Amino acid sequence: MSVSGLLFFKPFFQKTPVRVDNPLQQRRHTLPASEFRNLTPQDAISVFEIEREAFISVSGECPLTLDEVLNFLGQCPELSLGWFEEGQLVAFIIGSGWDKERLSQEAMTQHVPDSSTVHIHVLSVHRHCRQQGKGSIILWRYLQYVSCMPGLRRALLICEDFLVPFYLKAGFKEIGPSAITVSNMHFQEMEYTLCGQAYSRRNSDC
């Protein structure tokens, strides 16, 4: 065989590294695996579907109607937080502003701008993501987030008796029976102090 023949065939046997992109890695570049962000009116349907499934089966009542979800996400989206995994909503919190010492029936449907209190209307987790600690995680993230908001000093919410230990563990304190009733259900009112949070001191983005 001639020398030219060897030179001709040499590139055929040369090993050249081939890059194979992982489809999952490509997907993560365009769609975050896990993301926390404020909700928008475009998220309202997903929010309401999760809320309805979570609450109708337990109490027969939704904390917020679809119209109320749209209203709050339109008026005060900055007081909401959604947790998305691969673009799908898995947990959320919706809040609004309130300017009284205690929550009243009017607080269920009103947003008071520039107030010192955030009223947490609803915390809900998708049925396929429960019993994984996601409720505690998003509540912690939400409280740290609103602690950074100028002017906010506390968070208020109402809950049924069986949820009181959950919120006590998160740092809320029980302030007594709520004046709010829904159908025949009665609630406890809980408070969380936001001012002076160490988190807001440690983070320059606050």
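Note that the structure is predicted; figures quoted are calculated from it, not measured.

What counts as what
Residues numbered from 1 in each chain as written. Predicted model: local features only at pLDDT ≥ 70, side-chain atom pairs only at ≥ 80, totals over all residues. Heavy atoms only, no water. Helix = DSSP H or I, 4+ residues; strand = E, 2+ residues; numbered from the N terminus. Buried < 20%, exposed > 50% of the residue type's maximum accessible area, 1.4 Å probe, protein only. Contact = heavy atoms within 4.5 Å. Arc of directions from axis to C-beta. Pairing = 2+ DSSP bridges. Axes fitted to C-alpha atoms, helices over the stretch in contact; angles between N-to-C directions.

Peer 1: Go over the environment of Ala91 with me, naming the residues and quoting the values.
Peer 2: Within the fold, Ala91 resides in strand S3 (residues 88–98). With a relative accessible area of 0%, Ala91 lands in the buried category. Considered as a pair, Ala91 and Gly135 are 44 residues apart in the sequence and their alpha carbons are 7.2 Å apart. With residues up to four places along the chain from it excluded, the contact list for Ala91 reads Leu81, Gly82, Trp83, Ser124, Val125 and Ile138.

Peer 1: A description of helix H4 (residues 66–75) should follow, citing residues and the corresponding values.
Peer 2: When H4 is considered as a whole, its buried residues turn out to be Val69, Phe72 and Leu73. Buried positions in H4, seen along its axis, are confined to an arc of 95° and lie on one side of it. In this structure, H4 carries Asp67 and Gly74 as exposed residues pointing more than 90 degrees from its buried face.

Peer 1: Give a detailed account of the sheet that holds strand S4 (residues 117–125), specifying residues and quantitative values.
Peer 2: With mixed pairing, the seven strands of this open sheet are ordered in space as S1-S2-S3-S4-S5-S7-S6. Taken across any chain shown, the strands that pair with only one partner, and hence form the sheet edges, are strand S1 (34–37) and strand S6 (173–182). Across the sheet, the axes of successive neighbouring strands diverge by a mean angle of 25°, strand direction being ignored. Note: S4 against strand S5 (residues 154–159), three bridges, orientation parallel. By the bridge assignment, Val118 is partnered in S5 with Ala155. Sheet strands touched by H4: strand S2 (80–85), S3 and S4. Its angle to S3, the strand with the most contacts, is close to 70°. Across the sheet, helix H5 (residues 134–147) is in contact with S1, S2, S3, S4, S5 and strand S7 (185–193); its angle to S2 comes to roughly 135°.

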